[in-house]
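An overview of the molecular structure
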Amino acid sequence: MSESSQSAPVGVVLAVDPDRFAEVVEALRRAGLTVTGEQPILGTLSGTVAEDRIPALEAVDGVDSVDRDRGVRLPPPDSPIQ
């Protein structure tokens, strides 16, 4: 089993070069990122990655920043969980 598969996945938010968005996103996927959201015009995306792969994401040319996703997710109003 590789180290990557032993590390817990974490949510991340990335700022990337919007002029090279598609190219950078493809390189991030090869580095282990599972993309969950994209905003190409803003040059931001979110995803999940094994925690030990974060340095590989930071090393991708065109990545300005990689931050842990600290967003708060609330259940919808009609959810049984309140």
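Further up the page is the structure itself.
Notes on the structure follow. (Residues numbered from 1 in each chain as written. Predicted model: local features only at pLDDT ≥ 70, side-chain atom pairs only at ≥ 80, totals over all residues. Heavy atoms only, no water.)

1. Structural notes on the nonpolar core
In this structure, Val12, Leu14, Val16, Leu28, Leu33, Leu45 and Leu57 are the most contacted members of the largest nonpolar core, which totals 19 residues. Looking at this core, the elements that each hand over two or more residues are β1 (9–16), α2 (21–30), β3 (44–50), α3 (54–58) and β4 (63–68). Residue contributions to this core peak at 5 residues, all from α2. With residues up to four places along the chain from it excluded, the contact list for leucine 33 reads Val12, Leu14, Leu28, Leu45, Gly47, Thr48, Val49 and Leu57. (Core = buried A, V, L, I, M, F, W, Y, C linked by side-chain atoms within 4.5 Å. Buried < 20%, exposed > 50% of the residue type's maximum accessible area, 1.4 Å probe, protein only. Helix = DSSP H or I, 4+ residues; strand = E, 2+ residues; numbered from the N terminus. Contact = heavy atoms within 4.5 Å.)

2. What to know about the environment of leucine 28
Counting through the fold element by element, leucine 28 comes out in helix α2. Residue leucine 28 is classed as buried on the basis of its relative accessible area, which comes to 0%. C-alpha of leucine 28 to C-alpha of alanine 56: the two residues are 28 residues apart in sequence and 8.4 Å apart in space.

3. Focus on the environment of serine 7
As for its position among the elements, serine 7 is in the loop between α1 (3–6) and β1. Since its relative accessible area comes to 17%, serine 7 is described here as buried. Apart from residues no more than four positions distant in its own chain, serine 7 is found in contact with Ala50, Glu51 and Asp52.

4. Points about the pairing of strand β2 (residues 34–39)
The pairing of β2 with β3 spans 5 bridges and is classified as antiparallel. Looking at β3, one finds that glutamate 38 is bridged to leucine 45. In textbook terms, the turn of a hairpin is the stretch between consecutive antiparallel strands, and for β2 and β3 this stretch comprises 4 residues, one of which, glycine 43, has a positive phi near 75°. (Pairing = 2+ DSSP bridges.)

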